[in-house]
Amino acid sequence: MKLGVVGLPNVGKSTLFNAITHAGAEAANYPFCTIEPNVGVVAVPDERLDRLAALYASKKVTPAVVEFVDIAGLVKGASRGEGLGNKFLSHIREVDAIVHVVRCFEDENVTHVENSVDPVRDIETINLELILADIEAVEKRQDRIRNAARGGADKTAAAEYAFLEKLRAHLEAEQPASTIPADEDEQGFLDNLFLLSSKPVIYCANIAEKDMGEGEDDLPFVVQVRNYAKAHNAETITVCAKTEEELSQMDESDRALFLEEFGLKESGLDKLIKASYALLGLISYLTAGEKETRAWTIVKGTKAPQAAGKIHTDFEKGFIRAEVVDYETLLACGGLTGAREKGKVRSEGKDYVMKDGDVVLFRFNV
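Below you will find a few notes about this structure. The model shown is predicted, which means the values in this text are computed figures rather than measured ones.

## Focus: the state of the cysteines
Inference 1: Per the counting criterion, the structure on display carries 0 disulfides.
Inference 2: For Cys104, which is in no disulfide, the shortest distance to another cysteine sulfur is to Cys204 and amounts to 9.1 Å.

Have a look at this one:
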């Protein structure tokens, strides 16, 4: 899973990304990986792995991971090349979802590019730049298929061109591509464009440290972001980027005490990862043994052979069956042997739809 972290200057985006990279560097089971200066890979928190690893005395534990990309350079006019312009926009095209950091705090020592704090205005500034870039992409596609679509001889090209006309009008009305009604064929045309405004979004309301522990309904800026997100079918989480950066540099026991002091059950980074999984419809199944305990990320609705293919293509090609037991049952039985003795291990075939928390042993023959 690849998430692009975006936001206007001085909204706390870089502070949050610093927190993410520190967390990655300190993840006990997955080393922080710097692919580029602005990319970090972080382990997905999953207590099930630790408990399974203890049960099997696993030599290695490998969690699922999230890749965060700090997309810098966005200012008003990015679609026309202002700031880092097209470089920024090209980075967004490569991510699965956008984490849009929005400033929800007043601080006279931290200037704002618009000289005032207005979360909805800031959101719309970025969204408009994405839409303007998408209009340009749609127009380029129209230019490429215009001759083929003319006259209607090529029915597919003609249908696509008609949809692009409708899509361009939708975008010119400053509506994101994600909100345009589309049938199955039109959705295919839309998906092939990889438009920026079609990507799912999580709005990350960045609050001040003094507002930590406050109810979200008592924070007007957060309420504005939440209402905007709800109206646009997007998700919202609330974090304090400065606190997240401090948390990322603490050891586990100090971090737990800090969160408890503010009445919080988890860090903002943990909330962000969970929200991202839900937004993209992702789940994890688990494999466990003496050599390794591991989490594998799949899309909800994936069937057993395709899930097996995440481990190795040979597993999918030669799939025979999946021996499945849910995580809680496996722990209660003290392992796979105990679960088998109690008749809790199911033998599932090619049509089995994987569930979150399934512990699986795949049988295959190539």
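What follows picks up the thread again.
## So, the environment of Lys210
Inference 1: Positionally, Lys210 belongs in the loop between strand 7 (201–206) and helix 7 (220–231).
Inference 2: Residue classification places Lys210 among the exposed positions, given a relative accessible area of 66%.
Inference 3: Expressed as a C-alpha distance, the spacing of Lys210 and Cys240, which sit 30 residues apart in the sequence, is 9.4 Å.
Inference 4: Only 3.4 Å separates the side chain of Lys210 from the side chain of Asp211, close enough to count as a polar contact.

## Considerations on helix 4 (residues 119–149)
Inference 1: End to end, helix 4 covers 43 Å across 31 residues, agreeing with the expected 45 Å (1.5 Å per residue, within 8%).
Inference 2: The sharpest bend along helix 4 comes to roughly 35°, located at Asp143.

## What about a negative patch on the surface?
Inference 1: Taken together, the side chains of Glu47, Asp50, Asp251, Glu252, Asp254, Asp326 and Glu328 define an acidic patch exposed on the protein surface.
Inference 2: Note that Glu328 resides in helix 13 (residues 327–333).
Inference 3: A relative accessible area of 51% means that Glu328 is categorised as exposed.

## Notes on the packing of helix 4 against helix 7
Inference 1: Helix 7 packs onto helix 4 with a crossing angle of 40° between their chain directions and a minimal axis gap of 9 Å. Between helix 4 and helix 7, the crossing angle belongs to the class labelled oblique. Of helix 7, the residues touching helix 4 (which contributes Pro119, Val120, Ile123, Glu124 and Asn127) are Phe221, Gln224, Val225 and Tyr228.
Inference 2: A breakdown of the residues in the contact of helix 4 with helix 7 according to their chemical character gives 6 nonpolar, 2 polar and 1 charged.

## Quick look at helix 6 (residues 184–191)
Inference 1: For helix 6, the complete set of buried residues consists of Glu186, Phe189 and Leu190. Seen end-on, helix 6 carries its buried residues on one side only, within an arc spanning 100°. Seen from the open side of helix 6, the exposed residues pointing more than 90 degrees away from its buried face are Glu184 and Asp185.
Inference 2: Residues of helix 6 that are buried sit in contact with helix 5 (155–172).

## Here's the deal with the packing of aromatic side chains
Inference 1: Across all of its chains, the model carries 6 aromatic pairs by this definition.
Inference 2: Ring geometry for Tyr285 versus Trp296: centroids 6.4 Å apart, planes at 15°, classification stacked. Residue Tyr285 is located in strand 9 (residues 282–287), and its partner Trp296 is located in strand 10 (residues 292–299); the two are separated by 11 residues in the primary sequence.
Inference 3: By relative accessible area, Trp296 is classed as buried at 11%.
Inference 4: Taking the centre distance of 5.8 Å and the plane angle of 90° together, the rings of Tyr285 and Phe362 count as edge-to-face. Placement of the pair is Tyr285 in strand 9 and Phe362 in strand 13 (residues 358–364), with a sequence separation of 77 residues.
Inference 5: Residue Phe362 is classed as buried on the basis of its relative accessible area of 8%.
Inference 6: Members of the aromatic cluster, each reached through a chain of ring pairs, are Tyr285, Trp296, Phe319 and Phe362.
Inference 7: Across from the ring centre of Trp296, 4.0 Å away, lies the NZ or CZ of Arg294, which sits over that ring.

## What about unusual backbone geometry?
Inference 1: Positive phi, normally seen in glycine, also occurs at Ala57, with a value near 50°.
Inference 2: Structurally, Ala57 can be placed in the loop between helix 2 (47–56) and strand 4 (60–62).
Inference 3: Overall, Ala57 belongs to the exposed group, its relative accessible area being 54%.
Inference 4: Notably, Phe194 is not glycine yet its phi reads approximately 50°, a positive angle.
Inference 5: Looking at the secondary structure, you find Phe194 in the loop between helix 6 and strand 7.
Inference 6: A relative accessible area of 51% means that Phe194 is categorised as exposed.

## Quick notes on the nonpolar core
Inference 1: If you look at the biggest cluster of nonpolar residues, it comprises 66 residues, and the most contacted ones within it are Phe68, Ile92 and Tyr203.
Inference 2: With residues near it in sequence (within four places) discarded, Phe68 still touches Leu3, Val5, Phe17, Ile20, Asn38, Val39, Gly40, Val42, Leu269, Leu272 and Ile273.
Inference 3: Formed by 18 residues, the second largest nonpolar core is a distinct cluster that contains Ile145, Ala157, Tyr161 and Phe189.

## Here's the deal with the layout of surface pockets
Inference 1: Taken as a whole, the second largest pocket spans an internal volume of roughly 720 Å³.
Inference 2: The wall of the second largest pocket is formed by 35 residues, among which Pro176, Ser178, Ser197, Ser198 and Lys199 lie closest to the centre.
Inference 3: Going through the elements one at a time, strand 6 (97–103), helix 4, helix 6 and strand 7 are the ones with two or more residues in the lining of the second largest pocket.
Inference 4: If one sorts the elements of the lining of the second largest pocket by residue count, helix 4 sits on top with 6 residues.
Inference 5: Class assignment of the residues belonging to the lining of the second largest pocket gives a composition of 20 nonpolar, 10 polar and 5 charged.

Reading the values: rules and limits
- Residues numbered from 1 in each chain as written.
- Predicted model: local features only at pLDDT ≥ 70, side-chain atom pairs only at ≥ 80, totals over all residues.
- Heavy atoms only, no water.
- Disulfide = S-S within 2.5 Å.
- Helix = DSSP H or I, 4+ residues; strand = E, 2+ residues; numbered from the N terminus.
- Buried < 20%, exposed > 50% of the residue type's maximum accessible area, 1.4 Å probe, protein only.
- Polar contact = N/O pair within 3.5 Å; in protein donor to acceptor, adjacent residues only side chain to side chain.
- Expected span 1.5 Å × (residues − 1).
- Bend = angle between axes of the 7 residues up to and from the residue.
- Patch = residues over 30% accessible without salt bridge, like charges linked within 9 Å, V, L, I, M, F, W, Y side chains within 5 Å.
- Areas by Shrake-Rupley, 256 points an atom, 1.4 Å probe, with all protein chains shown as cover.
- Salt bridge = Lys/Arg side-chain N within 4 Å of Asp/Glu carboxyl O.
- Lys, Arg positive; Asp, Glu negative; His and termini not counted.
- Charge placed at Lys NZ, Arg CZ, Asp CG, Glu CD.
- Axes fitted to C-alpha atoms, helices over the stretch in contact; angles between N-to-C directions.
- Parallel < 35°, antiparallel > 145°, perpendicular 65-115°, else oblique.
- Contact = heavy atoms within 4.5 Å.
- Nonpolar A, V, L, I, M, F, W, Y, C, P; charged D, E, K, R; others polar.
- Arc of directions from axis to C-beta.
- Phe/Tyr/Trp six-rings, centres within 6.5 Å; stacked < 30°, edge-to-face > 60°.
- Lys NZ or Arg CZ within 6 Å of the ring centre and 35° of its normal.
- Core = buried A, V, L, I, M, F, W, Y, C linked by side-chain atoms within 4.5 Å.
- 1 Å grid on protein atoms, 1.4 Å probe; cavity = no way out; pocket = protein on both sides within 12 Å on 5 of 7 lines; lining within 4 Å.
- Points joined across faces, edges and corners; volume = space filled by probe spheres on them.

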